[in-house]
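# Fold and contact review
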Amino acid sequence: MSKNNLKTINIKGKEYVEVNERLKHFREHYPNFALVTEVLQCTEEHCVMKASVFNAEGVIISTGHAHETKTGSFINKTSFVEVCETSAWGRALGNFGIGIDTSVCSAQEVANATSKDIKPKGMKAKSKKKLTTAIFDAMMKAVNDNQ
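Residues numbered from 1 in each chain as written. Predicted model: local features only at pLDDT ≥ 70, side-chain atom pairs only at ≥ 80, totals over all residues. Heavy atoms only, no water.

## Overview of the pairing of strand 4 (residues 46-54)
Most of strand 4 sits inside the fold, with 8 of its 9 residues counted as buried. Bridge count between strand 3 (residues 34-42) and strand 4: 8 bridges; the pairing is antiparallel. Bridging from a neighbouring strand, Thr37 pairs with Ala51 of strand 4. Counted along the chain from strand 3 to the antiparallel partner strand 4, the turn is 3 residues long. (Buried < 20%, exposed > 50% of the residue type's maximum accessible area, 1.4 Å probe, protein only. Helix = DSSP H or I, 4+ residues; strand = E, 2+ residues; numbered from the N terminus. Pairing = 2+ DSSP bridges.)

As structure tokens, then:
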């Protein structure tokens, strides 16, 4: 499945398919398939989710994982759980083959990553967070505990 038939947005010179476009394509072309999200771990500070695409026979065709922190971006302060689910959907649908040519990541993931460089007016810029061993270990534990 190429992204050529799907609406894209340009972020820093690359075309990306937004998750809503991937979802619309999935619902239209795979009406007997299912997209199911599992919360693997969620605290007041971070969330790990797994989204799975099931075929009509109930067999998992693809999965996608996402990790979001409450401090990950401006929108995450109030909506990190929702952002995590959307990212997991985008990855599962990308792994299924919807909306990818050069990258599995969705436009939202790229925008979130680049938005960390952009601050709302009047706010000080935050230093970039790196994936620490503790965050990675927590994410892997959540994934392994819920397989």
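## Topic: the sheet that holds strand 5 (residues 60-69)
An order of 3-4-5 is seen for the 3 strands of this open sheet, with the pairing classed as antiparallel. At either end of the open sheet lies a strand with only one pairing partner, and these are strand 3 and strand 5. When the angles between neighbouring strand axes are averaged without regard to direction, this sheet yields 20 degrees. Sheet contacts for helix 2 (residues 76-96): strand 3, strand 4 and strand 5; angle to strand 5, the most-contacted strand, approximately 155 degrees. (Axes fitted to C-alpha atoms, helices over the stretch in contact; angles between N-to-C directions. Contact = heavy atoms within 4.5 Å.)

## Digging into the packing of aromatic side chains
On inspection of all chains with the given rule, the structure shows 5 aromatic pairs. Summarising the aromatic geometry, the rings of Phe26 and Tyr30 are spaced 6.0 Å apart at their centres and angled 25 degrees between planes, so their arrangement reads as stacked. On the basis of an interplanar angle of 55 degrees and a centroid distance of 5.2 Å, the ring pair of Tyr30 and Phe33 is categorised as tilted. Overall, Phe33 belongs to the partly exposed group, its relative accessible area being 23%. Following the ring pairs from residue to residue traces out a cluster consisting of Phe26, Tyr30, Phe33 and Phe96. (Phe/Tyr/Trp six-rings, centres within 6.5 Å; stacked < 30°, edge-to-face > 60°.)

## Quick notes on the pattern of salt bridges
Per the counting criterion, the structure on display carries 1 salt bridge. Taking the shortest distance from any N to any O, the salt bridge between Lys24 and Glu21 comes out at 3.0 Å. With Lys24 and Glu21 both in helix 1 (residues 19-29), this residue pair falls 3 residues apart, about one helical turn. (Salt bridge = Lys/Arg side-chain N within 4 Å of Asp/Glu carboxyl O.)

## Concerning the nonpolar core
Counting 18 residues, the largest nonpolar core has Phe26, Leu35, Val53, Leu93 and Ile98 as the members making the most contacts within it. Where this core is concerned, the elements lending two or more residues are helix 1, strand 4 and helix 2. In terms of residues, this core owes the most to one element, helix 2, which gives 6 residues. Not counting chain neighbours up to four residues away, the residues in contact with Leu93 comprise Arg22, Leu23, Phe26, Leu35, Val53 and Ile98. Grouped together as the second largest cluster of nonpolar side chains are 5 residues, Leu40, Val48, Met139 and Ala142 included. (Core = buried A, V, L, I, M, F, W, Y, C linked by side-chain atoms within 4.5 Å.)

## Concerning the environment of Trp89
Locating Trp89 in the fold gives a position in helix 2. Separated by 53 residues in the primary sequence, Trp89 and Val36 have C-alpha atoms spaced 8.5 Å apart. If we skip the residues at most four places from it in the chain, Trp89 touches Val19, Leu23, Leu35, Thr37 and Ala51.

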